[in-house]
Amino acid sequence: MKKAINNTTVEVTFGEEVADIKALDFKIEGLEVSNAVVKQTDKKTVVLTTAAQKAGTEYTVSVNGNAVGKFTGVSAVIPTAIKVVERSQQGVLGQQVTVKAEVTVAEGQSKAGIPVTFNVTSGTNTSLNAPEVIEANTDANGVATFTYTRYANTTDDVVAYATGDRTKFQAGKVYWAAAKQLTVKDITEATTLVNGSKKVYEINQPNNAGGYVFVAFQENLNVTPDKAVRGAIIEGVTTYGINGNTTANIITSTANTYPQSLSTGGTTVTAVKLDSAGKANLVVSGSNAAVTPIVYSAEYKTDVNNNLTYVPAYSATALQAAASTAKFELKHTLGLTIKAEGVQNAATWVNDVQTGGRDYTVTYTDKDGKAAAPGTLVKIAIPRVGGAISVLNSDGDAVASIGSDASNYYYQLPVEAKGELTFTVVSTSTSAYVSPIVFIDNGKTTGVNVLDTDDLQAQGEVTYFVSTVNYSAALKALDAPNGKPVTSVVYGGTPAYFTYELVDQNGKPRAYNQDTVVSFELRAGTGDINVDGTVIKAGNTGTVRNTITAGNTSTSVKAYAYTPSAITANATGSRSGVVLPSTNPASVTVNFTQYGTTAITGTAVSVDTVLDVLTINNVLYSYADASYRYNNSAITKAAFENYIKANNATVSVTADADGKLTFNVIGVTSTTDVVAAVNNAQSATDVQNALKDYPLFKKLTAGDQATVAGKIFTSVQTAPVTAAAINAAIEPHIVISNTAAYTVGTAAVTGAKATGVHANATTSTNTLTIESAAGEVAYNGVKVVFEKATTVGTAVTTSYDTNTKTLKVTLPVSDAVNGTLDAAATLAAVDTAIEADTSTALTVDLAGFAGTESAEELVGKTITLKGATASAAAVNGKLTLTFSEAITALTDVTLNDSGATTITPAAGAKSLSADGKTLVITLTAPEETAVAAATTITGITATPKVPGQPFKVNGYTAADGSTVVPAAPVTISK
């Protein structure tokens, strides 16, 4: 065997004693051998003195020229310290245990190749567990290893020391038995847990059944007080403060519920009582902490009552088992995001209209990614550091702060559809900036609505505020000036307002200091439309111009349709000859439908299950091809109709992004229950209470409700009443109210002609003009071409090609070879031929020409017609009356103009809708003059569908007959 004893000593061991050392010539390749002697204690071993070896280098030893073995060079470095890596290990008999020792060396020295000696001694069974002394060299990491096994229960003391300096050492222990004596296993499988959760382990030490084991946290061993982990505790057991190794070392009171051993002094130990099988559960809980429990077994003492009096502090060499690390952290199961819209440099605030600022969109979802319910509150933190910032809601209204602290101002807003909410940050200062934080308060922080690190939160991109405005424009369709966006409205008097608005870089209204001219281009759908008094025929496009005066932000046009149609609008703005950027969006479309399309809630009446229509708050809705719900649960169409057919269901209508309607029955007043309550009434007041939610009854005035309830109670005292009887008592007293809207008629428009002109090259005032009839736009683009005939003739001829829109005029020739025009080819002959062409309806005018001139100057020429515009017939003005209850006929309407005109429309001049609630009167010219001059309708003669129902406009007598309600003129909307 060959091995390096130290950096300059090598031992070579032979099979027999060395008799003559001088007869042996020792050489080591790459290493000088300066001396060779026989070891005094072992005659078979020769000790060689060498030059300094290189640690880790393999050397070959030869004797008398023959290689006898190899060894690895060792370092001359003496370590400054040595430690046993695992100072307590549990060994299983017959299985190997590896002991590791790690050296520390001076700065700059190598850790490799340093010899370390392991001295292993056993306290018992020394015959089976003999002492062992093993030397091993360190690897590149400075770690030396020794692996061995035992075959009898014992506890080994293992001392590792630097072979070159025995004062550098450390001791450890190996506890040998047939099985591991102390174990800890996970009951809770997860190692990373939500704050406040529990991590459960099982401790098992059968040979200590009924006794105690103790627990330390690895992270709290030999640390300064500021580094101790305090966020985790052990539940259901006692943690003792101890005072050294005295006979009774327990401090009877400690505020700590976690174990620690501080480098500055102060130790707490957790004791766990094992059951009769030697088992116990260890329960650790925590928040924002990670701990590794170490369960150890050591000597303890109890009093006569089996109460602990001495608790052992943790020792690295005690019998012990380390548990898995439990990490407690904040884990949010909900989703919260914030997205900054537009650009980072936002315009500053000017006023409530010109707000400037930037929008943020927040999305709040549950653990499955489903949108939070509308109305769920989300809190907003605005950091103080950015200066004065205000928060606006999605309607542009200022949001009041709900509190503040040293860091933030706080606000809250409800989410809307799809779990989203939008808010705007604004400021008047160009030095301000903000990065808003949205959060869900977990309620743990002292104080209300305060942001803390454990809150579910998201921070938005920073916004800066600048004085520079980058102008663009927005195009909107609204239900009223400055109203809500619409995509469809009910035709027949309900307008849509197309609005062009100057906006800043983030889409916020912003005025300019010059006028802006806006050209609205509007295309009609399948029906005629009226835009600010201009009629645009179905399928055609018209232009209306308005001006945004300096200091204002927008202008609008008001559009109607009196038959189902659509209007698509785009708009272009310009100022001082500069065309502004395209609007966003480029165009908008509004559908004018027979039925309502916007959200509404109310009692569904006038239900028609054949036409699939119902009326809510005087608006007709079609429920065909919709979605149906009952208290937000999906139902079939048939089930929906069962709920609404009695005209007593409260229905909420909503529309999705594609315009599809959902009808949600949110309440039904059972007619049966109402009738029963009425028949069980003991007074007129009881009847009134029974009918308070009855749809028909709710239409009565308070006074009429009391009177009708009294009449019904009188009937009940005689005999039970039916639903029909109740309705019959109520309906005649429902007062019919109405609205009125006037749409201005337009005069007939004569369109321009399509015209083409040929001027004489010499005398430009001599012209040949070809024209269509007025308004014949089909002639735009028609070409008139002139060419010579290829055969001899005397007449000018024409032919028209409808595909190419070309009228060919052929001029006669007298000589086909030379192409000489015949004397008959005069300008007058051309005039006559074109006007005689039956395929077209063109006229020719010769100005300055006598007509007898040769048509030679026309040969090879093409005259293109253009400039025709469409004619439009006169459109009579219309007066649209909308009634709260159905009528069957209308006789006349009285106005408040100077002549108190009464309009009595002819049968063909009035149109009543299917539900009897909308009547459109086509006005004659005198009638329109009267309506234009009037402001109100003072009287209506009409037949209600329910006999006896009075009209509010006329005034009426209350149900009790004692009160005359005065007439209420109806304002005419214009």
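Below or above, wherever it landed, is the structure these notes cover. (Residues numbered from 1 in each chain as written. Predicted model: local features only at pLDDT ≥ 70, side-chain atom pairs only at ≥ 80, totals over all residues. Heavy atoms only, no water.)

**With respect to the overall build of the protein chain**
Item 1. When its secondary structure is counted, the protein chain shows 8 helices and 81 strands.
Item 2. Relative to its length of 974 residues, the protein chain is extended, with a C-alpha radius of gyration of 51 Å against a globular reference of 30 Å.
Item 3. Along the first, second and third principal axes, the C-alpha atoms of the protein chain reach 155 × 115 × 55 Å.
Item 4. A buried classification covers 43% of the 974 residues belonging to the protein chain.
Item 5. Pairs at least 24 apart in sequence give 68% of the contacts found in the protein chain among residues at least 6 apart.
Item 6. Accessible area of the protein chain: about 46,100 Å², with a carbon and sulfur share of 50%.
Item 7. Seen as two clouds, the 66 positive and the 81 negative side-chain charges of the protein chain have centres 8 Å apart. (Helix = DSSP H or I, 4+ residues; strand = E, 2+ residues; numbered from the N terminus. Rg over C-alpha atoms; globule rule 2.2 N^0.38 Å. Buried < 20%, exposed > 50% of the residue type's maximum accessible area, 1.4 Å probe, protein only. Contact = heavy atoms within 4.5 Å. Areas by Shrake-Rupley, 256 points an atom, 1.4 Å probe, with all protein chains shown as cover. Lys, Arg positive; Asp, Glu negative; His and termini not counted. Charge placed at Lys NZ, Arg CZ, Asp CG, Glu CD.)

**As for the side chain of Arg 575**
Item 1. Following the sequence through the fold, Arg 575 ends up in strand 53 (residues 565-575).
Item 2. Buried and unpaired, Arg 575 has Asp 515 as its nearest opposite-charge partner, separated by 8.6 Å.
Item 3. Once residues within four sequence positions are removed from consideration, Arg 575 is found in contact with Leu 502, Tyr 512, Gln 514, Asp 515, Thr 516 and Leu 580. (Salt bridge = Lys/Arg side-chain N within 4 Å of Asp/Glu carboxyl O.)

**A few points about the sheet that holds strand 50 (residues 534-536)**
Paired through their backbone hydrogen bonds, the strands of a sheet run either parallel or antiparallel.
Item 1. Taken together, 6 strands build an open sheet; the order of strands is 50-49-52-47-45-55 and the sheet is mixed. Edge strands, defined here as strands with exactly one partner in the open sheet, are strand 50 and strand 55 (583-584).
Item 2. Across 3 bridges, the pairing between strand 49 (residues 529-531) and strand 52 (residues 554-561) is antiparallel. Bridge pairing in strand 52 links Asn 530 to Tyr 560. (Pairing = 2+ DSSP bridges.)

**Topic: the pattern of salt bridges**
Item 1. What the rule picks out here adds up to 20 salt bridges.
Item 2. For Glu 235, the salt bridge identified is with Lys 198, shortest N-O distance 2.8 Å. Separated by 37 residues along the polypeptide, Glu 235 in strand 21 (residues 232-235) and Lys 198 in strand 18 (residues 198-204) bring together distant segments of the chain.
Item 3. The partly exposed category is assigned to Glu 235, whose relative accessible area is 27%.
Item 4. Close ionic contact of Glu 461 with Arg 358 constitutes a salt bridge, the shortest N to O distance being 2.6 Å. Taken together, the residues Glu 461 in the loop between strand 43 (456-459) and strand 44 (463-466) and Arg 358 in strand 35 (residues 358-365) connect sequence positions 103 residues apart.
Item 5. Judged by relative accessible area, which is 41%, Glu 461 ranks as partly exposed.
Item 6. Given the relative accessible area of 1%, Arg 358 is considered buried.

**Some details on the sheet that holds strand 73 (residues 878-883)**
Item 1. The strand order across the open sheet formed by 8 strands is 75-74-78-81-64-73-77-76, and the pairing between neighbours is mixed. The open sheet is flanked by strand 75 (902-903) and strand 76 (910-912), the only strands paired with a single partner.
Item 2. Across 7 bridges, the pairing between strand 74 (residues 887-895) and strand 78 (residues 936-944) is antiparallel. Note on strand 78: the bridge partner recorded for Ala 889 is Thr 943.
Item 3. The sheet strands contacting helix 8 (residues 925-933) are strand 64 (738-743), strand 73, strand 74, strand 75 and strand 77 (918-922), and the helix crosses strand 64 at an angle near 115°. (Axes fitted to C-alpha atoms, helices over the stretch in contact; angles between N-to-C directions.)

**Focus on the nonpolar core**
Item 1. In this structure, Phe 498, Tyr 500, Phe 520, Leu 522, Val 531 and Val 590 are the most contacted members of the largest nonpolar core, which totals 28 residues.
Item 2. Elements that contribute at least two residues to this core include exactly strand 45 (472-478), strand 47 (496-503), strand 48 (516-524), strand 49, strand 51 (541-548), strand 52, strand 53 and strand 56 (588-593).
Item 3. In contact with Phe 498, other than residues within four places in its own chain, are Lys 476, Ala 477, Phe 520, Leu 522, Thr 555, Ser 556, Val 557, Ala 559, Ile 567, Ala 569, Val 588 and Val 590.
Item 4. Judged by nonpolar contacts, the second largest core, of 27 residues, contains Tyr 360, Ile 382, Leu 421 and Ala 432. (Core = buried A, V, L, I, M, F, W, Y, C linked by side-chain atoms within 4.5 Å.)

**With respect to unusual backbone geometry**
Item 1. Here the bond from Asn 584 into Pro 585 is cis, since omega is 0°, no more than 30 degrees from zero.
Item 2. With respect to the helices and strands, Pro 585 occurs in the loop between strand 55 and strand 56.
Item 3. Of note, Asn 306 is a non-glycine position whose phi angle comes to about 65°, a positive value.
Item 4. Mapped onto the fold, Asn 306 is located in the loop between strand 29 (301-302) and strand 30 (308-310).
Item 5. Looking at Asn 306, the relative accessible area reads 39%, which means it is partly exposed.

**Notes on the environment of Ala 914**
Item 1. With respect to the helices and strands, Ala 914 occurs in the loop between strand 76 and strand 77.
Item 2. Each C-alpha atom of the pair Ala 914 and Thr 672 lies 30 Å from the other, and the pair is 242 residues apart in sequence.

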